[in-house]
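Architecture and fold: a report
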Amino acid sequence: MIEITDPTVRLTLDHELVGEEVQVGAKLFSDAKGWYLHPGCLPDETVMYRVYSYTEGNNTRSGNLNSGVTILSPVTVAGECNMTRGHWHEERACVEFYYGLSGTGLLMLMDESGRTWAEHVFPGSVHHIDGHWAHRLINTGDVDFAVGACWGCNAGHDYRAVEQLPFGARVFKEKDGSISVVAENRQGGEVTQ
Ligand SMILES: [Fe+2]
């Protein structure tokens, strides 16, 4: 007879990772307002998105993996769709998978020359992200946008490079609900749609 146990971590029907080893964080508007074209007038304590992450063992060991979920609220900032901060991996060789879980949005990608493009994300979509591409999630829908992820523990997060070379486009929700993608006015790079 073999031993059969339950896993210590699970994904709820609301796409939250639950378990003792799960790390949970919330990004508030007070920390995010600087990424938007117009800082807008949301209360500072507005939760823009929640991040759940989980691994076992050494959380920096090459070869080990993180599993995570990001859930973005359906809010806009002066019309601009809610988005994650976006990053490259410190270790550019480390790729990442994203999986659409609920809601709809965009995965914005940018190579190191600044060329920017995006993929539609929806429940069931799968996205392979090269480590040389900066990546950012954007909620274009009217409900929570949940995306699963799996990435190497030694990948790290390089936020500074995105501050030095911002993504080449911004995404807005118009009053009629339509989505518009606007090229960012910055040096370098090109935008493809
Ligand atoms: Fe990443």
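To be clear, the structure that these remarks concern was listed above.
The present account deals with the structure reproduced in this document. (Residues numbered from 1 in each chain as written. Predicted model: local features only at pLDDT ≥ 70, side-chain atom pairs only at ≥ 80, totals over all residues.)

**Description of the overall build of the protein**
Regarding its fold elements, the protein presents two helices and 15 strands. Against the globule reference of 16 Å for 193 residues, the protein gives a C-alpha radius of gyration of 17 Å, in line with a compact fold. In terms of principal-axis extent, the alpha carbons of the protein reach across some 65 × 35 × 30 Å. Burial analysis of the protein (193 residues in total) assigns 27% to the buried set. Pairs at least 24 residues apart make up 66% of the contacts formed inside the protein by residues separated by at least 6 positions. (Helix = DSSP H or I, 4+ residues; strand = E, 2+ residues; numbered from the N terminus. Rg over C-alpha atoms; globule rule 2.2 N^0.38 Å. Buried ≥ 20, exposed ≤ 12 C-beta atoms within 10 Å, placed from the backbone. Contact = placed C-beta atoms within 7 Å.)

**Some points on the sheet that holds strand β13 (residues 145-152)**
Reading across from one edge, β3-β4-β5-β13-β8-β11 is the order of the six strands in this open sheet, with antiparallel pairing throughout. The open sheet has two edge strands, β3 (23-28) and β11 (126-129), and neither has a second partner. Ignoring which end each strand starts from, the neighbouring axes of this sheet average 20° apart. (Pairing = 2+ DSSP bridges. Axes fitted to C-alpha atoms, helices over the stretch in contact; angles between N-to-C directions.)

**Some words on the sheet that holds strand β12 (residues 134-139)**
Pairing within the open sheet is antiparallel, and its three strands lie in the order β10-β9-β12. Among the strands making up the open sheet, the edge pair consists of β10 (116-121) and β12. Between one strand axis and the next, the sheet turns through 25° on average, direction left out of account. Pairing geometry for strand β9 (residues 105-110) and β12, over six bridges, is antiparallel.

**Structural notes on the environment of Val75**
Checked against the element boundaries, Val75 lands in the loop between β5 (65-72) and β6 (76-77). Overall, the presence of 16 C-beta atoms within 10 Å leaves Val75 in the partly exposed class. Val75 sits 49 residues away from Ala26 along the chain, and the two C-alpha atoms are 15 Å apart. The contacts of Val75, once residues within four sequence positions are left out, are Leu42, Thr46, Met48 and Asn82.

**Regarding the environment of Ile129**
Mapping Ile129 onto the fold places it in strand β11. Along the sequence, Ile129 and Ser178 sit 49 residues apart, while their C-alpha atoms lie 27 Å from each other. Residues in contact with Ile129, not counting those within four places in the same chain, are Val95, Glu96, Tyr98 and His135.

**Regarding the nonpolar core**
Membership of the largest hydrophobic core comes to 35 residues, with the highest contact counts inside it found for Val69, Leu106, Leu107, Met108, Ile138 and Val147. The element contributing the most residues to this core is β13, with five residues. Those residues in contact with Met108 that sit more than four places away from it in its chain are Thr116, Ala118, Arg136, Ile138, Phe167 and Ala169. (Core = buried A, V, L, I, M, F, W, Y, C linked by C-beta atoms within 7 Å.)

**Describing the pairing of β10**
Remember that side chains alternate between the two faces of the sheet whenever the strand is regular. Strand direction decides the pairing type here: β9 and β10, joined by six bridges, are antiparallel. The residue bridging Leu106 from the neighbouring strand is His120, located in β10. Connecting β9 to the next strand, β10, in antiparallel fashion are five residues, including Gly114 with a positive phi near 100°.

**Quick word on unusual backbone geometry**
With phi around 70°, His15 is a residue other than glycine that occupies positive phi space. Looking at where His15 falls in the secondary structure, it is placed in the loop between β1 (10-11) and β2 (17-18). Backbone geometry places Ala78, a non-glycine residue, at a positive phi of 50°. Mapped onto the secondary structure, Ala78 falls in the loop between β6 and β7 (80-81).

**Overview of the environment of Thr140**
Mapped onto the elements, Thr140 comes out in the loop between β12 and β13. Judged by the 25 C-beta atoms lying within 10 Å of it, Thr140 is buried. C-alpha separation for the pair Thr140 and Thr76, spaced 64 residues apart in sequence, amounts to 9.1 Å. Once you skip the residues sitting within four places of it in the chain, Thr140 turns out to touch Cys81, Thr104, Gly105, Leu106, Val171, Lys173 and Ile179.

Remember that the coordinates give geometry; whether it matters functionally is a separate question.
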